[in-house]
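Spelled out, the chains give:
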Amino acid sequence: MVEHIREEDLQQRLRADDKSALEFIYKSYKSEFLNFSKRYDLNIDDALDIYQDSVIAMYQNFVMNQLELSNSTIKTYLFGIGKHKIYKVSNLNKTRLKIENDIEESEEVITKEHQLNYYQKQLSELIGNISESCRELLRLFYYRNLTIQEIVDLTQYKDANTVKSHKSRCMKRLKSLVKSK
Amino acid sequence: MDKEDLLKKYFKQTLSEQEQKEFYLLLDTDSDFKVMFEEYSDFNLAFKSHEAEQLKDFLKSIDDQPKIKKTVWYKTPLFYYSAVAILIIALCVPFLMRPSADSLYNDYFDTYPNVEQPIVRGTVKNSAYNAFDLYENNRFVEAAQKFEVILKDTNNSNLRFYYAMSLLNSSQYDLAQIQLSELDQQDFDYKDETLWYLSLILIKKKQTQEAITKLKELDKSNSPFKSKERKLLLQKL
């Protein structure tokens with residue numbers, strides 16, 4: 001029961017973009033994942049890289065899509081993502097890859113990986129050049145996919161109109177940076 | 001449904017079947033919605049990529065954090081210092097506990113009995129009589145004087161040994177050593193006893209190596225005299 005409550009609590013914290021929860025998950029399963037990856041003849045650097053990318057993919061699914069795991073645990077979900085990433089890196093077909101039954105197969109573990117177009121890449125690179133307040137506001141809107149009202153509730157903005165006008169200015173600023181590049 | 005809500009639901013992947021139909025219909029028919037969608041998609045993917053890089057750095061920084069060493073009691077500086085101190089003390093114990101030269105001398109010295117001329121009824125009262133009488137009565141200073149006088153007229157090694165014993169029992173160690181050293185060069189009745197008492201004087205004078213040499217010399221002769229004491233004494237030196 002305690003484990004169940006803790007699992008739900010952790011998921012809630014991940015959805016809320018809680019970095020301490022992310023760190024807890026990362027540390028908790030790192031050794032086990034690296035041991036697990038030894039079955040696939042990966043060197044330690046590649047295995048660690050895959051683990052980090054898997055943790056990031058998992059975390060972003062919680063933050064961006066407000067993921068709620070009802071039929072699996074965070075660990076199972078994380079290892080599922082990791083397994084698919086190992087599969088891609090190993091460049092092996094499924095018949096050669098020894099996929100163990102101890103990890104549930106699920107469609108939700110196959111995370112979408114989009115290749116950024118040129119414009120999107122420029123946007124991504126220049127996000128660091130806008131003010132912190134702009135970056136955070138756009139992040140809440142486009143990354144965490146919060147609504148205007150949710151942003152008002154979460155931040156110090158006095159109302160939705162303030163958020164909308166600030167957001168509009170921030171977008172113009174970022175777009176102008178892309179154009180001027 | 002509000003267009004922005006539809007977009008949010010699409011990117012959160014929470015559109016219902018009906019909402020999906022509405023979403024794709026708008027995307028095909030509403031150019032403004034399409035622009036909204038593309039802009040949202042651009043910013044969403046750009047932020048996702050940017051955040052992924054930030055998260056990667058964050059995870060790497062976790063690995064780079066110095067590991068907090070779990071300090072166990074046996075790895076504390078205090079433990080090491082204590083261990084070193086105990087070791088030093090333990091190593092010093094044999095030295096600290098080693099009996100002093102004086103105590104060794106006192107432990108092993110005993111007055112050699114008068115076996116040369118026991119004073120019994122009817123003993124012939126010769127020149128040595130008074131000397132041995134004084135010796136038996138622990139009047140060693142006087143006995144030494146008597147033996148010294150006798151030895152001026154006769155060079156008797158046995159009497160010289162008792163002269164040396166009289167000197168030793170009256171704490172005249174240097175004089176006793178001179179007499180015993182002279183006797184040590186000779187082969188006579190109290191040769192073993194001479195070596196034993198000479199070694200005790202050397203111990204008292206802290207000439208340990210010389211004392212050990214004398215005791216080992218005694219061992220070589222397989223003398224039964226003070227054999228147990230010799231063994232114990234050699235262990236303590």
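Position numbers for residues count from 1 along each chain, tracking the sequence in the order it is written. The order in which chains are written sets their letters, starting at A; the order in which ligands are written sets their numbers, starting at 1. For this predicted model, a pLDDT threshold of at least 70 governs which residues receive local features, and a threshold of 80 or more governs which side-chain atom pairs are given and counted, while totals over whole chains, interfaces and linings are taken from all residues. To obtain the side-chain values, all non-hydrogen atoms of the structure were used and water was disregarded.

Enquirer: What is the right way to look at the nonpolar core in this model?
Expert: Note that soluble globular proteins tend to have their nonpolar side chains buried in a common cluster. In this structure, M58(A) and L138(A) are the most contacted members of the largest nonpolar core, which totals 68 residues. Ranked by residue count, the leading element in this core is helix 3 (residues 44–65) of chain A, at 11 residues. The contact criterion used throughout is that any non-hydrogen atoms of two residues lie within 4.5 Å. Those residues in contact with L138(A) that sit more than four places away from it in its chain are I130(A), Y143(A), K167(A), C170(A), M171(A), L174(A), F43(B) and F47(B). Nonpolar cores are built from buried Ala, Val, Leu, Ile, Met, Phe, Trp, Tyr and Cys residues. Side-chain atoms within 4.5 Å join them into one set. Only protein chains enter the accessibility calculation, which uses a 1.4 Å probe; a residue is then buried when its area is under 20% of its type maximum, exposed when over 50%, and partly exposed in between. Helix numbering and strand numbering both begin at the N terminus, where a helix is a DSSP run of H or I of at least 4 residues and a strand a DSSP run of E of at least 2.

Enquirer: I keep staring at the packing of helix 5 (residues 118–126) of chain A against helix 3 (residues 31–64) of chain B and nothing clicks. Help me out?
Expert: Helix-helix packing: each pair is described by the crossing angle between the helix axes and the interaxial distance. Fitted lines through C-alpha atoms give the axes, limited to the stretch in contact for helices. The angle between two N-to-C directions lies from 0 to 180 degrees. Where helix 5 of chain A contacts helix 3 of chain B, the axes come no closer than 8 Å and their chain directions differ by 50 degrees. What the angle tells us is that helix 5 of chain A and helix 3 of chain B run oblique. Crossing handedness for the pair helix 5 of chain A and helix 3 of chain B: right-handed. On helix 3 of chain B, the residues that touch Y119(A), Q120(A), L123(A) and S124(A) of helix 5 of chain A are S41(B), D42(B), F43(B), L45(B), A46(B), S49(B) and H50(B). All amino acids are sorted into three groups, where Ala, Val, Leu, Ile, Met, Phe, Trp, Tyr, Cys and Pro are nonpolar, Asp, Glu, Lys and Arg are charged, and the leftover types, Gly among them, are polar. Counted by class, the contact of helix 5 of chain A with helix 3 of chain B contains 5 nonpolar, 5 polar and 1 charged residues. Relative orientations are named as follows: roughly parallel for angles under 35 degrees, roughly antiparallel for angles over 145 degrees, roughly perpendicular for angles from 65 to 115 degrees, and oblique for any other angle. Definitions for this section: a left-handed crossing has its near helix turned counterclockwise from the far helix by less than a right angle. A right-handed crossing has that turn clockwise.

Enquirer: Explain the pattern of salt bridges to me, please; I cannot follow it from the model alone.
Expert: One side chain can pair with another of opposite charge once the charged atoms of both are near each other. Residue and element names in this part refer to chain B. Put simply, a salt bridge is a Lys or Arg side-chain nitrogen that is within 4 Å of an Asp or Glu carboxyl oxygen. With the rule as written, the count across this model stands at 22 salt bridges over all chains. D30 serves as the salt-bridge partner of K3, at 2.6 Å between the closest nitrogen and oxygen. With K3 in helix 1 (residues 3–12) and D30 in the loop between helix 2 (17–29) and helix 3, this pair connects stretches of sequence that are 27 residues apart. Judged by relative accessible area, which is 14%, D30 ranks as buried. Across the salt bridge formed by K204 and D102, the nearest N and O atoms sit 2.9 Å from each other.

Enquirer: Can you walk me through the side chain of K226(B) in this structure?
Expert: Mapped onto the elements, K226(B) comes out in the loop between helix 11 (208–220) and helix 12 (227–236). Judged by relative accessible area, which is 15%, K226(B) ranks as buried.

Enquirer: Can you help me understand helix 9 (residues 173–184) of chain B in this one?
Expert: Each α-helix turn comprises 3.6 residues. Residues three or four places apart therefore point the same way. Residue and element names in this part refer to chain B. A rise of 1.5 Å per residue sets the reference length of helix 9, with its 12 residues, at 16 Å; its end C-alpha atoms lie 16 Å apart and thus fit the reference within 8%. Taken residue by residue, helix 9 has A176, Q177, Q179, L180, L183 and D184 as its buried positions. Burial along helix 9 is one-sided: seen end-on, the buried residues are contained in an arc of 165 degrees. Contacts made by the buried residues of helix 9 are with helix 8 (157–169), helix 10 (191–204) and helix 11. Expected span of a helix, by definition, is 1.5 Å for each gap between consecutive residues, and there is one gap fewer than residues. Within this analysis, the arc is defined by the directions that extend from the helix axis to the C-beta atoms.

Bear in mind that shape data such as this cannot, by itself, settle questions of function.
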